[in-house]
Amino acid sequence: MLPMNNLQRLKGNIVSNKKTFGSGKQDKKTLSVLQESKGKYRALFESSYDAVMFLDPHVFIDCNPRTLEMFELSNNEDLIVSSPPDLSPPLPLDGRNSLPDTNEFISRALIDNGPYGLLCVDRQLLITEWNLVMERLFGIGRDEVLGHRLIEFPLLKEHCEISHIIATMDGEKFPATQIEYVNLKTGEEMVGELFMQPLLEKFEQKSNATVIYIHDITERIKRDRTALNVIQHKNDDMFQAVVSGSIDAVVMTDDKGIIELWSPAAERLFGYLAEEAIGKNVYNLTVPERFRAHAAFEIDELLKSRHESFMCKVLEQMALRRDGTEFMCQHSVVEINQNGGQHIIASIHEITDRKLMESKLRNIIDSHIDGALVVNKEGIICFVNTAAKELLNRSEAQLLGQPFGLHENGKLTEIELLCGNTTITVEMYMAPIEWDGNDAFLVSLHDITLRKHAQMKIMRLNHMHAMLSGINVTILRTSDRQTLFDEICLLAVEQGSFCMAWIGLLDSNGLDITLVSSAGIDDGCLDSMTLTPRDQESNVCVLMAHALRENTPVVCNDIATDPKTVHLREAALQHDYQSQVIFPLHLDGKVIGLMLLYAAETDFFDTDEMNLLTEVASDISFALDHLEKTKKIDYLAYYDELTGLPNRRLLQELLNQALTASHRHERTLAVLSIGLNRFRYIKESVGHTAGDQLLKLVATRLQGCVRECDTVSYSGGTDFTVMLTDLNGL
């Protein structure tokens with residue numbers, strides 16, 4: 001049993017503050033009693049906006065879900081940090097169980113001693129609960145409101161919207177609102193925060209009542225207003241200090257343009273004392289007559305607009321001094337609302353010298369030999385000189401206001417620009433500059449298109465020289481024609497930077513070309529061409545046929561537009577072949593084949609390139625002639641030129657090899673020496689030509705009489721030698 005002193009102590013320690021928590025082990029019997037409390041008070045307890053706990057100095061009794069949420073606990077047993085004291089079980093009072101009365105008292109204490117005013121309204125808008133805090137806040141007793149409809153009290157009806165109360169019961173949520181009201185008992189003006197929550201009965205999903213909480217924030221608002229007044233007073237002093245010490249003129253006017261404040265700097269700038277200026281129209285006093293209408297229009301536009309871009313605007317206009325002299329000034333204009341009226345504060349400084357310098361700078365930039373642009377921080381062109389207009393081939397109207405890509409400051413950059421149908425290369429240098437009082441960038445554009453073309457040409461010629469040098473080295477160390485062709489095509493691609501190179505030789509009929517070597521990007525491009533000079537064939541390369549017939553180099557510097565390449569254009573462009581050249585290859589003064597080179601650039605083959613490539617073709621022809629003569633010399637060293645038979649030197653080598661093989665394999669070998677009698681008479685009677693024909697005829701007949709493994713040789717004069725091998729089986 002809980003004795004009365006424990007119950008009183010429990011009453012005195014009920015806490016419903018958000019920041020209060022207690023310790024002690026939960027008493028399970030007490031928790032069971034609380035769980036059997038009346039549904040209305042239990043619902044208030046569980047739906048409370050604040051964390052609520054029942055404590056006494058030794059026992060933790062219960063807490064609501066808001067407490068668990070605030071302390072991030074899974075259940076209320078987590079709050080138990082110590083063992084509870086030994087308490088006796090509850091004793092009945094007057095022979096009756098006192099637990100319901102105890103719960104009634106606890107719930108009542110919870111409602112009345114919370115930090116918030118609390119009233120409860122059901123769906124009929126009847127006030128069913130009104131705690132002591134509400135009595136203190138509004139000065140209305142509980143008995144005066146309980147059972148009455150909310151709409152009977154104008155003070156409550158004004159702040160508690162009926163639609164929100166009903167909607168809250170249906171689950172809709174509304175943010176807390178600040179309200180102002182008067183305590184009817186004391187007449188004191190009060191400020192509070194009002195928020196609502198549905199009152200849910202246990203195990204019920206739908207609410208039939210709304211709990212309205214009112215938190216008194218009157219003292220907090222008073223403190224805030226006091227602090228604001230102190231800050232405002234300090235700000236006024238600071239504002240006066242800033243205005244007095246500003247080097248720029250500071251002028252404040254109302255929405256009609258009447259001067260309300262005139263700083264010392266304004267006195268120095270315009271020549272009027274403050275007492276002379278205040279109360280006058282600012283336009284009549286400081287603006288030349290011809291500009292007054294425009295100046296007033298700009299300020300009117302400022303006042304009419306509420307857009308953020310108008311809240312602080314920089315204006316440049318002519319101003320008028322007391323002595324009648326005019327000067328250019330810049331206004332930084334700000335609109336403020338104070339004491340229920342609109343005011344304009346302008347910070348003004350003279351920019352006559354700056355405008356003069358800008359004018360000189362414009363003239364310097366405009367007369368510069370290179371193109372020059374002024375680009376603001378947003379990348380928009382705001383000035384363009386004459387050279388830039390000529391360089392970009394556009395008018396000033398076409399360029400101003402257009403975006404321009406910004407690059408790194410102080411760094412020389414090469415970029416390509418499209419000028420009409422032509423692409424140019426320029427060197428761009430960008431430096432920061434002040435323009436019309438704002439930060440901007442001066443962009444210098446120097447046309448280097450011709451220089452880049454010259455660099456590309458030098459690079460191409462260097463590639464040509466490297467290819468020529470490589471081919472000459474190949475000619476010196478190569479003794480085979482096929483190897484020579486393969487090396488030349490490879491060098492043309494790797495050293496000459498051509499897309500593809502190929503060499504073809506004429507067939508014996510002189511009408512068709514056989515591909516003998518190629519290198520580079522092909523992917524079947526050659527398969528689409530008919531390699532023949534005959535015009536009647538389809539897909540014939542007209543340029544190739546022309547080079548063969550005319551025995552001259554043929555150039556096509558733009559495959560995409562040349563009508564002679566129409567049959568091969570699609571396949572060539574797919575492989576990025578833009579230009580080509582065809583060189584005839586010669587041997588003994590006759591065309592024996594062609595060399596074709598393809599480049600990935602248009603207009604690749606100009607005079608200098610053609611001179612070098614002609615030299616390359618000439619060196620190749622020389623190499624072919626050299627190989628042919630070397631081959632002939634090698635032939636004559638071992639064969640008789642007239643009969644085509646092995647000579648004495650080759651016979652001696654073949655005989656030594658045959659003797660060695662005969663000894664090793666015990667084979668029989670025979671050598672026959674055959675001479676022609678009276679051959680001298682034949683030559684003398686019918687001539688040397690007839691004698692040569694007779695020798696060739698004898699050589700042919702002797703070769704027809706022996707086996708393939710036997711050898712017939714001609715030693716000169718009329719002597720023929722026949723070597724017969726492997727005679728064991730004969």
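Residues numbered from 1 in each chain as written. Predicted model: local features only at pLDDT ≥ 70, side-chain atom pairs only at ≥ 80, totals over all residues. Heavy atoms only, no water.

**What to know about the pattern of salt bridges**
Phase 1 of the analysis: Taken as a whole and judged by the stated rule, the model has 17 salt bridges.
Phase 2 of the analysis: A salt bridge links E609 to R460; its shortest N-O distance comes to 3.2 Å. With a gap of 149 residues between them, E609 in helix 22 (residues 607-636) and R460 in helix 18 (residues 449-477) connect regions that are remote in the sequence.
Phase 3 of the analysis: The buried category is assigned to R460, whose relative accessible area is 11%.
Phase 4 of the analysis: As a salt-bridge pair, R667 and D726 come within 3.1 Å of each other at their nearest N and O atoms. Within this pair, whereas R667 is found in the loop between helix 23 (648-665) and strand 23 (670-675), its partner D726 is found in the segment after strand 25 (719-724), the two being separated by 59 residues in sequence.
Phase 5 of the analysis: A single salt-bridge network, built from bridges that share partners, covers E316, R354 and K355. (Salt bridge = Lys/Arg side-chain N within 4 Å of Asp/Glu carboxyl O. Helix = DSSP H or I, 4+ residues; strand = E, 2+ residues; numbered from the N terminus. Buried < 20%, exposed > 50% of the residue type's maximum accessible area, 1.4 Å probe, protein only.)

**Considerations on the pairing of strand 3 (residues 117-122)**
Phase 1 of the analysis: For strand 3, a buried count of six out of six residues is recorded, marking the element as mostly surrounded by other parts of the structure.
Phase 2 of the analysis: Alternating positions in strand 3 separate into two faces, G117, L119 and V121 on one and L118, C120 and D122 on the other, with burial throughout.
Phase 3 of the analysis: Both strand 3 and strand 7 (residues 209-216) contribute to a ladder of six bridges, which runs antiparallel. By the bridge assignment for strand 7, G117 is matched with I214.
Phase 4 of the analysis: For strand 3 and strand 4 (residues 127-130), the ladder comprises three bridges, and the chain directions are antiparallel. Paired with V121 across the strands is I127, a residue of strand 4.
Phase 5 of the analysis: Taken together, strand 3 and the strand that follows it, strand 4, pair antiparallel across an intervening segment of four residues, in which L125 is found at a positive phi of about 65 degrees. (Pairing = 2+ DSSP bridges.)

**Thoughts on the confidence of the model for the protein**
Phase 1 of the analysis: In the predicted model, the protein carries a mean pLDDT of 76, and the fraction of residues at 70 or more is 78%.
Phase 2 of the analysis: Here residues 1-38 is modelled with pLDDT under 50, and outside its nearest four sequence neighbours on either side it reaches 87 contacts, counting other chains as well.
Phase 3 of the analysis: Scored below 50 in pLDDT, residues 307-311 shows six contacts in the model against residues more than four places distant or in partner chains. (pLDDT = per-residue confidence, 0-100. Contact = heavy atoms within 4.5 Å.)

**Structural notes on a nonpolar patch on the surface**
Phase 1 of the analysis: On the surface, Y635, L636 and Y639 cluster together to form a nonpolar patch covering roughly 250 Å² of accessible area.
Phase 2 of the analysis: Residue position: Y635 is located in helix 22.
Phase 3 of the analysis: Its relative accessible area of 36% is what places Y635 among the partly exposed residues. (Patch = residues over 30% accessible without salt bridge, like charges linked within 9 Å, V, L, I, M, F, W, Y side chains within 5 Å. Areas by Shrake-Rupley, 256 points an atom, 1.4 Å probe, with all protein chains shown as cover.)

**A few points about the sheet that holds strand 25**
Paired through their backbone hydrogen bonds, the strands of a sheet run either parallel or antiparallel.
Phase 1 of the analysis: Ordered by their spatial adjacency, three strands build an open sheet running 23-25-24, and the pairing between neighbours is antiparallel. Strands at the two margins of the open sheet, each flanked by one partner only, are strand 23 and strand 24 (711-716). Across this sheet, the average inter-strand angle for adjacent strands is 20 degrees, counted without regard to direction.
Phase 2 of the analysis: Note that strand 24 and strand 25 share five bridges and pair antiparallel. When the bridges of strand 25 are listed, T711 appears paired with M723.
Phase 3 of the analysis: Strands in contact with helix 25 (residues 688-705) are strand 23, strand 24 and strand 25; relative to strand 25, the strand with the most contacts, it is inclined by about 10 degrees. (Axes fitted to C-alpha atoms, helices over the stretch in contact; angles between N-to-C directions.)

**A closer look at the nonpolar core**
Phase 1 of the analysis: By size, the foremost hydrophobic cluster in this structure holds 36 residues, and its most contacted members are F498, M595 and L613.
Phase 2 of the analysis: Broken down by secondary-structure element, the contributors of at least two residues to this core are helix 18, helix 19 (481-494), strand 18 (500-506), strand 21 (579-587), strand 22 (590-599) and helix 22.
Phase 3 of the analysis: Considering each element in turn, this core owes the most residues, nine residues, to helix 22.
Phase 4 of the analysis: Sequence-distant contacts of F498, that is, excluding residues within four places in its chain, are made with M464, M467, A492, V493, L597, Y598, A599, F604, F605 and L613.
Phase 5 of the analysis: Counting residues in each nonpolar core, the second largest holds 26 residues, with A249, Y272, A319 and I344 among its members. (Core = buried A, V, L, I, M, F, W, Y, C linked by side-chain atoms within 4.5 Å.)

**Quick notes on the packing of helix 18 against helix 22**
Phase 1 of the analysis: Taken N-terminus to C-terminus, the directions of helix 18 and helix 22 make an angle of 5 degrees; their axes are 10 Å apart at the nearest point. Classed by the angle they form, the pair helix 18 and helix 22 counts as roughly parallel. Seen from helix 18, the contacting residues are K457, R460, L461, M464, H465, M467, L468, I471, N472 and I475; seen from helix 22, they are D608, E609, L612, L613, E615, V616, D619, I620 and A623.
Phase 2 of the analysis: When the residues that make up the contact of helix 18 with helix 22 are grouped by side-chain class, the tally is eleven nonpolar, two polar and six charged. (Parallel < 35°, antiparallel > 145°, perpendicular 65-115°, else oblique. Nonpolar A, V, L, I, M, F, W, Y, C, P; charged D, E, K, R; others polar.)

**Digging into helix 15 (residues 352-366)**
Phase 1 of the analysis: Along its 15 residues, helix 15 runs 21 Å from first to last C-alpha, staying within 8% of the 21 Å computed at 1.5 Å per residue.
Phase 2 of the analysis: Those residues of helix 15 that sit buried are R354, E358 and I365. Down the axis of helix 15, the buried set is contained in an arc of 40 degrees. They therefore lie on one face. Set apart from the buried face of helix 15 by more than 90 degrees, the exposed residues are D353, N363 and I364. (Expected span 1.5 Å × (residues − 1). Arc of directions from axis to C-beta.)

**Notes on the pairing of strand 21**
Phase 1 of the analysis: Along strand 21, eight of the nine residues are buried, which leaves the element largely enclosed by surrounding structure.
Phase 2 of the analysis: The pairing of strand 20 (residues 554-556) with strand 21 spans three bridges and is antiparallel. Residue C556 lies in a different strand from strand 21, and its bridge partner there is Q580.
Phase 3 of the analysis: Summarising the sheet, strand 21 and strand 22 pair through nine bridges and their orientation is antiparallel. Residue pairing in the sheet places I582 in a bridge with L596 of strand 22.

**Examining helix 23**
Phase 1 of the analysis: A rise of 1.5 Å per residue sets the reference length of helix 23, with its 18 residues, at 26 Å; its end C-alpha atoms lie 25 Å apart and thus fit the reference within 8%.
Phase 2 of the analysis: Turning to helix 23, its buried residues number three or more, namely L650, L651, L655, A658 and S662. Take helix 23 and look down its axis: the buried residues cluster within an arc of 130 degrees, on one side only. Away from its buried face by more than 90 degrees, helix 23 exposes Q657, H663 and R664.
Phase 3 of the analysis: On its buried face, helix 23 is in contact with strand 23, strand 24 and strand 25.
Phase 4 of the analysis: Capping the start of helix 23 is the job of one residue whose side-chain oxygen sits 3.2 Å from the backbone nitrogen of R649: N647.
Phase 5 of the analysis: Phi for E666, located one or two positions after helix 23, is positive at around 55 degrees. (Polar contact = N/O pair within 3.5 Å; in protein donor to acceptor, adjacent residues only side chain to side chain.)

**Description of the packing of aromatic side chains**
Phase 1 of the analysis: Tallying each qualifying case throughout the model produces 13 aromatic pairs.
Phase 2 of the analysis: Pairing Y116 with Y213 gives two aromatic rings, centres 6.4 Å apart and planes at 75 degrees, and the pair type is edge-to-face. In this pair, Y116 is assigned in the loop between helix 5 (99-112) and strand 3 and Y213 in strand 7, connecting sequence segments 97 residues apart.
Phase 3 of the analysis: Taking the relative accessible area as the measure of exposure, Y213 reaches 4% and is therefore buried.
Phase 4 of the analysis: Here the aromatic cluster, defined as three or more aromatic residues joined through ring pairs, consists of Y116, F195 and Y213.
Phase 5 of the analysis: Positioned above the aromatic ring of F327, the side-chain terminus of R321 is 4.1 Å from the ring centre.
Phase 6 of the analysis: Its end group placed over the ring of F604, R460 keeps NZ or CZ at 5.0 Å from the ring centre. (Phe/Tyr/Trp six-rings, centres within 6.5 Å; stacked < 30°, edge-to-face > 60°. Lys NZ or Arg CZ within 6 Å of the ring centre and 35° of its normal.)

**Quick notes on the environment of I559**
Phase 1 of the analysis: Mapped onto the fold, I559 is located in the loop between strand 20 and helix 21 (569-574).
Phase 2 of the analysis: The spacing of I559 and Y598 is 39 residues in sequence and 10.0 Å in space, taken between C-alpha atoms.

**What about the packing of helix 18 against helix 19?**
Phase 1 of the analysis: The interhelical angle for the contact between helix 18 and helix 19, taken along N-to-C directions, is 165 degrees, at an axis separation of 9 Å. Between helix 18 and helix 19, the crossing angle belongs to the class labelled roughly antiparallel. The two elements helix 18 and helix 19 meet at a crossing, and its hand is right-handed. Taking contact as the criterion, the partners of M467, G470, I471, T474, I475 and R477 in helix 18 are, on helix 19, L484, E487, I488, L491 and A492. (Left-handed = near helix turned anticlockwise from the far one by under 90°.)

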